[in-house]
Amino acid sequence: MTSAQESGRPAKQSLVRTLRENRVVQGLLLIAPADIYLVLLVVLPLLLVAGLSFLSRGEYGQIVFKFNPGNYARLFDAIYGKIMMFSIGVGVGTTVLCLLIGYPVAYYLARASARTRSLLLFLILLPFWTNFIIRIYAWMMILRSGGFLDSILMGLHITKGPLNILYTPTAVMIGMVYEFLPFMVLPLYTSLEKVENSLLEAAADLGAPPWRAFLRVTLPLSVPGMIAGTILTFIPAMGMFVVSNLLGGAKTILIGNVIQNQFLTARDWPFGAAASMVLMLLTMVFTLYYTRKAGFGEELLI
Amino acid sequence: MKSDFAVEFHNVTKIFPTPEGSTVTAVDHVSLEIKHGEFFSFLGPSGCGKTTSLRMMAGFEWPTSGEVIINGKEMGHTPPYQRPVNTVFQSYALFQHMTVFQNIAFGLEMEKVPKVEINRRVGEALEMVKLGSMGRRKPKQLSGGQQQRIALARALVKRPEVLLLDEPLGALDLKLRKEMQLELKALQEQVGITFIYVTHDQEEALTMSNRIAVMSKGKALQIGGAVEIYERPNCRFVADFIGETNFLTGVIKTLTRDRVTVLLNSLNQEISGIPQGELLVGKAVAVSIRPEKVRLADDDGKEVRDLRGTENLLSGKVVTTAYIGSDTRVVLDLGASLRMRAWEQNSISTLDPNAYYSAGDAVRIFIPVENTLVLPEDVL
């Protein structure tokens, strides 16, 4: 009887057994949702853009299926080179400023009491509750001539006239740093929080005054957080166009704006696609070089 | 010029605020003097104030009142990096981003010792803790015992006046711990530095220390050598915490300088012993009798022993016995639901079951006066 039962449903049994014992099948099933999502929404669009970048623009902005490597050649135009260099400058500047401003914040967070800490973390994440574009409009109100910043500074007699910050590279940097600061603070906080107090006590015990203990112990141990924060800030900063669009006006153009314009205004999709590919390549080279030197900050995971 | 003592506590008190807004007295009016070259231990259960005492020497905490004096100098608010002491931490607190060599060199670099001398002294320190070839590894690549040695070398390479050790062997397994105990003791004798050691492990403290301070609830109850605190504890807590003991309670009938007679509660019998601590006639006391110091004899005289006189002679019944090789552990019923443990040494090798006590045996119990300690009941 037993043998009859077993032979009655061999297929089902072997499926259950495979699921239970075959680690490869288990692994494939576990990553399947993420895989499907990534293939549909990242890999396919990327291939489309890559293909698109070698096609031509029709007279009315439609896509013409004619091989045209000239899209890439156009990018070597001096004007685009300048924009690219400027974008890299803004990306690096944003990252460095975020690091300089974010480090003390993260340090304070890591040393604060549990209650203060959760309150502060909540405050850091609070801006994400409001739409990004609305927050950038708020910055326009703050930075425009005679806006909040000017009225405060002039009210306190610190400045005489309006600063005229809006629609300058300064305004773009302010907006960028504002936007990316949390992405720097959070990984820094995670790595600083892991620096045990006993290590600082040991450093002091061995004769290190606080600042030397910081340089020799805290700072090196927070390198993983610095790397993770830098990557999380630099890569999206390179593609940013909303901030420069709204706060930089016509004067401050980043490579992100160029791409956006090609797709939406100039209706030259193939050229926009080529610019996207180059931006991606440059960012990738930059990041690879950086992580090769410093690692991915994977120590954070341990 | 060297002062008489390596470390002195003058009436030191440390009060911590609690998150709930009240306060906790971690160290309560402790005074003590630790001699140069001494191996001194703070022994007590967790929360007794032993680690806080050590941290006040290291400079991680400052006393709320009283004075901490190191090598004749009042420390006040001197920060840790300016004190002539070094610490071996319970968690080792090794710098994981540095190699073993860099860990040990760290303290010397802070002193701005020349490079050549650093290399030599770190090399010597590594040899001393038998890790000569490990200098280029990272601490994480080493075992717990090896990490412990690095922590030790890192502190000793600075040649401090005093080495502070905060339960340094707590994370090691038993066998390694015993080895390290002996090694630490040998090392201390070799380098001649004052070691101040914090532990909750009484065996560890007894094995290694010249003197021990037994602490409870922030107070140093007794300070003395191993023999002194085991054989002549000055209060109930110390007798209870160090080793095992039986307690009988009673009231003092007569009291002289070296002898006290106690009427035992619920037995209506008198017992004589040695007075310890502050005692008064008519006061309730605890009588401490170590189980290995109880002598037994069969009631029927099957095994006759020299039971001098009839003083301190009780009678009872064996409840259970446990043969553990070196001795047989007997639990006795003294009547009135009083129990007493007695450890009978198995000094004669035999398979004869009659040679050992078994449950139900009626026995006579003799406790020599010098083995009977009369202690004040704790008033903590």
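Treat the numbers as computed from the prediction; the structure is a model and nothing was measured.

Calculation rules
- Throughout, residues of each chain are indexed from 1 in the direction in which the sequence is written.
- In the order they appear in the text, chains get letters beginning with A and ligands get numbers beginning with 1.
- Local features are withheld for residues below a pLDDT of 70 in this predicted model, meaning they are given only at 70 or higher, and side-chain atom pairs are given and counted only at 80 or more; totals for whole chains, interfaces and linings count all residues.
- By convention in this description, side-chain values take in all heavy atoms of the structure and omit both hydrogens and water.
- For cavity detection a 1 Å grid was placed over the protein atoms alone, and a set of points counts as a cavity when a 1.4 Å probe fits there but cannot get out; an open set counts as a pocket when protein lies on both sides within 12 Å along at least five of seven lines, with lining residues being those that have an atom within 4 Å of a point.
- Grid points are joined across faces, edges and corners, and a volume is the space filled by probe spheres set on the points.
- A helix here means a DSSP run of H or I that spans at least four residues, while a strand means a run of E at least two residues long, and both kinds are numbered starting from the N terminus.
- The residue classification treats Ala, Val, Leu, Ile, Met, Phe, Trp, Tyr, Cys and Pro as nonpolar and Asp, Glu, Lys and Arg as charged. All others, Gly included, are polar.
- Each residue carries a pLDDT score, the predictor's own confidence in it, on a scale running from 0 to 100.
- By definition in these notes, contact holds between two residues if any of their heavy atoms fall within 4.5 Å.
- In summary, the pairing rule links any two rings of Phe, Tyr or Trp, Trp by its six-membered ring, whose centres are within 6.5 Å, and it sorts them by plane angle into stacked for under 30 degrees, edge-to-face for over 60 and tilted for everything else.
- Only protein chains enter the accessibility calculation, which uses a 1.4 Å probe; a residue whose area is less than 20% of its type maximum is buried, one above 50% is exposed, and one in between is partly exposed.
- Bend is the name given here to the angle between axes fitted to two runs of seven residues, the run ending at a residue and the run starting at it.
- Any N or O atom pair separated by 3.5 Å or less is treated as a polar contact, with the protein-specific requirement of one donor-capable and one acceptor-capable atom, and with residues adjacent in sequence counted only for side-chain atom pairs.
- By definition, two strands form a pair when at least two bridges between them are found by DSSP.
- For helices, the fitted line uses only the C-alpha atoms of the stretch in contact; every axis is such a line through C-alpha atoms, and the angle between N-to-C directions lies from 0 to 180 degrees.
- Expected helix span is computed as 1.5 Å times (number of residues minus one).
- The arc in question is formed by the directions pointing from the helix axis toward the C-beta atoms.
- The salt bridge criterion pairs a side-chain nitrogen of Lys or Arg with a carboxyl oxygen of Asp or Glu, the two atoms within 4 Å.

Here's the deal with empty space enclosed by the protein
All names here are of chain B.
- By the definition in use, this model includes one cavity of 30 Å³ or more.
- Here the largest cavity defines a volume of roughly 40 Å³.
- With three residues, the top contributor of residues to the lining of the largest cavity is helix 4 (residues 144-156).
- In the lining of the largest cavity, the residues fall into seven nonpolar, one polar and two charged.

Things to note about the confidence of the model for chain A
Residue and element names in this part refer to chain A.
- Per-residue confidence for chain A gives a mean pLDDT of 87, with 93% of residues at or over 70.
- Mean pLDDT in chain A bottoms out at helix 1 (residues 2-8), which sits at 48, and peaks at helix 10 (residues 197-205), which reaches 95.
- Confidence drops under pLDDT 50 across residues 1-7; counting only partners more than four residues distant or on other chains, this segment forms zero contacts.

Focus: the packing of aromatic side chains
- In the structure shown here, the tally under the stated rule is 18 aromatic pairs over all chains.
- Ring geometry for A:F122 versus A:W129: centroids 5.6 Å apart, planes at 80°, classification edge-to-face.
- We classify A:F122 as partly exposed; its relative accessible area is 40%.
- Consider the rings of B:F40 and B:F42, whose centres lie 5.4 Å apart with planes at 70°: the pair is edge-to-face.

Description of helix 3 (residues 23-52) of chain A
- Along its length, helix 3 of chain A reaches its greatest deviation from straightness, about 50°, at A:A32, and the proline A:P33 lies no more than four positions downstream.
- One side-chain oxygen of the residue at the start of helix 3 of chain A lies 2.9 Å from the amide nitrogen of A:V24, identifying that residue as A:N22.

Quick word on the sheet that holds strand 19 (residues 362-366) of chain B
All names here are of chain B.
- Read from one edge to the other, the open sheet built from five strands follows the order 15-19-16-17-18, with strand pairing classed as antiparallel. Two strands bound the open sheet, and with one partner strand each, they are strand 15 (295-298) and strand 18 (338-345). For this sheet, the mean inter-axis angle between neighbouring strands, taken without regard to orientation, is 45°.

Considerations on the pairing of strand 14 (residues 284-289) of chain B
Residues and elements named next belong to chain B.
- Summarising burial for strand 14: five of the six residues are buried, a large majority.
- Where strand 11 (residues 246-255) and strand 14 come together, six bridges link them in antiparallel fashion. Each residue of the ladder has a partner; that of F247, found in strand 14, is S288.
- Taken together, the five bridges between strand 14 and strand 20 (residues 372-376) define a ladder with antiparallel strand orientation. Among the inter-strand pairings, A286 is bridged to a residue of strand 20, identified as L375.

A closer look at the environment of A:F234
Residues and elements named next belong to chain A.
- Counting through the fold element by element, F234 comes out in helix 12 (residues 223-239).
- The spatial distance from the C-alpha of F234 to the C-alpha of G91 is 5.6 Å, given a sequence separation of 143 residues.
- Ignoring any residue separated from it by four or fewer positions in sequence, one finds F234 in contact with I88, G91, V92, T95, T283 and F286.

What to know about helix 7 (residues 132-143) of chain A
Residue and element names in this part refer to chain A.
- Between the first and last C-alpha of helix 7 there are 17 Å, a value that for twelve residues agrees with the 16 Å anticipated at 1.5 Å per step.
- What helix 7 keeps buried is the set F132, R135, I136, W139, M140 and L143. Considered in projection along helix 7, the buried side chains sweep an arc of 160° and stay on one side of the axis.
- Check the buried side of helix 7 and you find it contacts helix 8 (148-155), helix 9 (169-193) and helix 13 (242-247).

Thoughts on unusual backbone geometry
Residues and elements named next belong to chain B.
- Positioned with a positive phi, N71 is a non-glycine residue whose angle comes to about 55°.
- N71 sits in the buried class, given a relative accessible area of 18%.
- The backbone phi angle of S337 is positive, close to 55°, even though this residue is not glycine.
- According to the relative accessible area criterion, S337 is exposed, its value standing at 67%.

Examining the pattern of salt bridges
Residues and elements named next belong to chain B.
- Under the definition given, this model contains 22 salt bridges over all chains.
- For E183, the salt bridge is made with R149, and the minimal N-O distance between the two is 3.2 Å. With E183 in helix 5 (residues 174-191) and R149 in helix 4, this residue pair connects regions lying 34 residues apart in the sequence.
- Between R329 and D327 there is a salt bridge, with its nearest N and O atoms 3.5 Å apart.
- A relative accessible area of 30% places R329 in the partly exposed class.

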